[in-house]
Structure formats: C-alpha cells, structure tokens
Amino acid sequence: MASISVRHVYKTYPGDVTAVKDCNLEIADKEFLILVGPSGCGKSTTLRMIAGLEEISEGEIYIGDRLINNVPAKDRDIAMVFQNYALYPHMTVYKNMGFALEMRKTPMDEIDRRVREAAKILDIEHLLDRKPKALSGGQRQRVALGRAMVRNPAVFLLDEPLSNLDAKLRASMRTELTKLHKKLGTTFVYVTHDQVEAMTMGDRIVVMHNGVVQQVDTPQKLYDAPCNVFVAGFIGSPQMNFLDAVLNKDGKGWYVEMNGDRLYIPEAKATEGLNAYVGRGIKLGVRPEDIYDDEAFASANPDWTLDVSIDVSEPMGSEVFLYLHYGESTLTARVSPRTTSKAGDRLSVAIDMSRVHLFDAESEDAILN
C-alpha cells in the first residue's frame, strides 16, 4: 500500500517566508500524480517534504497508514530521481545502479538480478560496463531511473527529471516514463514546470501557485473547467486569451459586451449564478482553438463575431497561429493550415461562445465554464 496523504502541510523558512501554505493532497496507490506550476510555486518543496529532505513546519504526511513526519528519508521506502542525475562519475553504470543495495548489505546475486532486470526494462543492458561520461543525457537519465528501480520502492518521487534533455528526447522519454509507471505498478509523484509534460503523463495534476494548491484534477477537466484565471492561463499552449468585458442580459439572453460588441452566451450554457454579475465587469476566457476565421462559421453565428486585424501569421505545419489585434487587446487564434488569412488582413472572426469561460474580475475565480 503506497498511498500518500498530505494534510495541512506548511513550509516556512527563516524570515517568515512561507513556501507552501496549507497543502492537502490525497494520492492514491499506483497513481501518477504531477505537481506543476511556475518556478518558486512550492512544488519541489512539497516533493522534498514527502521525501524527507525538507522538514515540515506544520501538518502531517502519511505513506499508507504510517505517519512519516519524523521518519528519516532513508526509512520512508521512497526513491527520488533528480534533474541532475547525481551519478557517481568513477563508477560503471552497473555499480551506480547497485550501489544503494550494496550499502544495505544485499546479497550479490540479488543485486545482480535486480540490476539486470531494471537494465532490461530500461533498454540499457549494453551500457552496464560504461561510465557516466560515456553516456548521453537520455542514457544517464535511464541509469538514474534504474538506480531508483532496483530498490523496489513503494513511491517514486521525480523532480524535473527531463528538463536537461533536448525537446525530441524529452518527448520520447515522456512516453517511456508513462510505460514504466504502468509496468512497475508503483506510485509516482512527478514535479515539472512544463504543462505539456503534465497534460500528457499524469493521471491527475496538481496546479500550484505562490505555495498554494489551486486545483487538483484530471488533465482534461483542468483544461475544460479551470477553477480560476491562473489555472486557465497556465494549462494550455498557446495559453487562453483573456478579455475584460461586462456581463449583461436582454430579451435575447445573456451577453458579454466589449468595445461596443455583444457576444451572446447560448441558453444551454448559461446558469442562474450569472444573475449576480449583471452589469458587472468580468473576464472572458477564450481558448485559441475556439476562435474561427472561417466565413461559414461566422455567417452561421452572427452573434459571436468580432472585427479584428491580423498582426502576425505563424504557420506550424498542422495548424496556423494568428496573432490578432482587437481594440486594446491581442488574441491568439489556432486555425486550419488551409486558412487564407494573412498578416495585415482585417476580418471578422467568430468566437465559439458555447466553449468560453467567465471569471470574476476581482477574485479571478471561475463563474462559468
């Protein structure tokens, strides 16, 4: 049983600097949980408190039913994989992977079995006699994973393990790590600042900001129903567009008003909770893929259109990013590669109002997803 429970945990450094505030997480046995957020948000500190590398200022952490607040890191049955690999340069790959077991006086035949088993899973059997300096970054990362695997830990803690790799290798290692998690059937807690890594790998994602857990949910739910402006802007690439607007209602229904334009919210999407915001300023959130430069879509939805100019057109092969100018705001649209729109054009674009998000202008909490 390797569930993890983090209950009302705080981390305060000298000078009254609080890095983590009232963190509460329930991580299921065998779950792949990702902690994501910008630099300095408290995600690595949270991981290090679970590992026992940082003392907890307040709160409790359990692995299974065991309170581990005062349990030394070496006795927590966890293995940690770091960003910098931390391999011994004078030892072969075989020795690096088996060293922790040697320190525990594990029988040599058992060490050999575990090292070769892990090397086979990670496809590094042919590297066992090499030293770290003769390995590529991706190979070193596999060795670091293998060193953790041979200990058969209840929990894997991974702190930005792919950030030193190039983009192509990082993409392939994401797939390898996902497959490895399924093979091992162990709890993984993974820290990254890269929301693409988070979206593609995690069973659930924890979004952190300024030491506070903002939202914990599956990748798709985070994308479709962010709880506030920060989560909405952090999850998704390119990020969500935000426009200052006023919410109103007339005989046709609810609408948001900006620069004299009215965009009507479909009746099926609106909720009674919007009554509290009539006549008030709100933030309108629009994903880039929900802005259409397609004339047919705009003609079919005249209540959803805005007149814009195109500042930049960025062809990406499978799609085109259009950087639009609207009033004092800039918007990013993700459109078909067959678009005829180009920089300098003025045109009407349509926003799919059935997929927009509304946020309270002051608290920045979601009021409609």
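Since the model is a prediction, treat every value here as computed from it, not as a measurement.

(A) Highlighting the layout of surface pockets. Taken as a whole, the largest pocket encloses approximately 520 Å³ of empty space. Put simply, the parts of the chain that give the lining of the largest pocket at least two residues each are β6 (78-81), α2 (93-103) and α4 (137-149). In terms of residue class, the lining of the largest pocket is built from 13 nonpolar, 1 polar and 4 charged. Taken as a whole, the second largest pocket encloses approximately 290 Å³ of empty space. In terms of lining, the second largest pocket is formed by 17 residues, of which the most central are Asp293, Asp294, Glu295, Thr339 and Ser341. For the lining of the second largest pocket, the secondary-structure elements that each account for two or more residues are β15 (291-292), α9 (295-300), β18 (329-335) and β19 (346-351). Residue classes in the lining of the second largest pocket are distributed as 5 nonpolar, 5 polar and 7 charged.

(B) Just the sheet that holds strand β12 (residues 253-258), in detail. Strand order in the open sheet made by the 6 strands is β13-β12-β11-β14-β20-β21, with antiparallel pairing throughout. Of all the strands in the sheet, just β13 (261-264) and β21 (366-368) have a single pairing partner and so form its edges. Averaged over all pairs of adjacent strands, the angle between strand axes in this sheet comes to 45°, irrespective of strand direction. One ladder, built from 2 bridges, connects strand β20 (residues 357-360) with β21; its direction is antiparallel. By the bridge assignment for β21, Phe359 is matched with Ala366.

(C) Up close: the sheet that holds β15. Overall, antiparallel pairing links the 5 strands, which are arranged β15-β19-β16-β17-β18 in an open sheet. The sheet is open, and its two borders are formed by β15 and β18, each paired with just one other strand. Inspection of the sheet shows strand β17 (residues 320-326) paired to β18 by 7 bridges, in the antiparallel sense. Across the sheet, Val320 pairs through a bridge with Val335, a residue of β18.

The rules behind each value
Residues numbered from 1 in each chain as written. Predicted model: local features only at pLDDT ≥ 70, side-chain atom pairs only at ≥ 80, totals over all residues. Heavy atoms only, no water. 1 Å grid on protein atoms, 1.4 Å probe; cavity = no way out; pocket = protein on both sides within 12 Å on 5 of 7 lines; lining within 4 Å. Points joined across faces, edges and corners; volume = space filled by probe spheres on them. Helix = DSSP H or I, 4+ residues; strand = E, 2+ residues; numbered from the N terminus. Nonpolar A, V, L, I, M, F, W, Y, C, P; charged D, E, K, R; others polar. Pairing = 2+ DSSP bridges. Axes fitted to C-alpha atoms, helices over the stretch in contact; angles between N-to-C directions.

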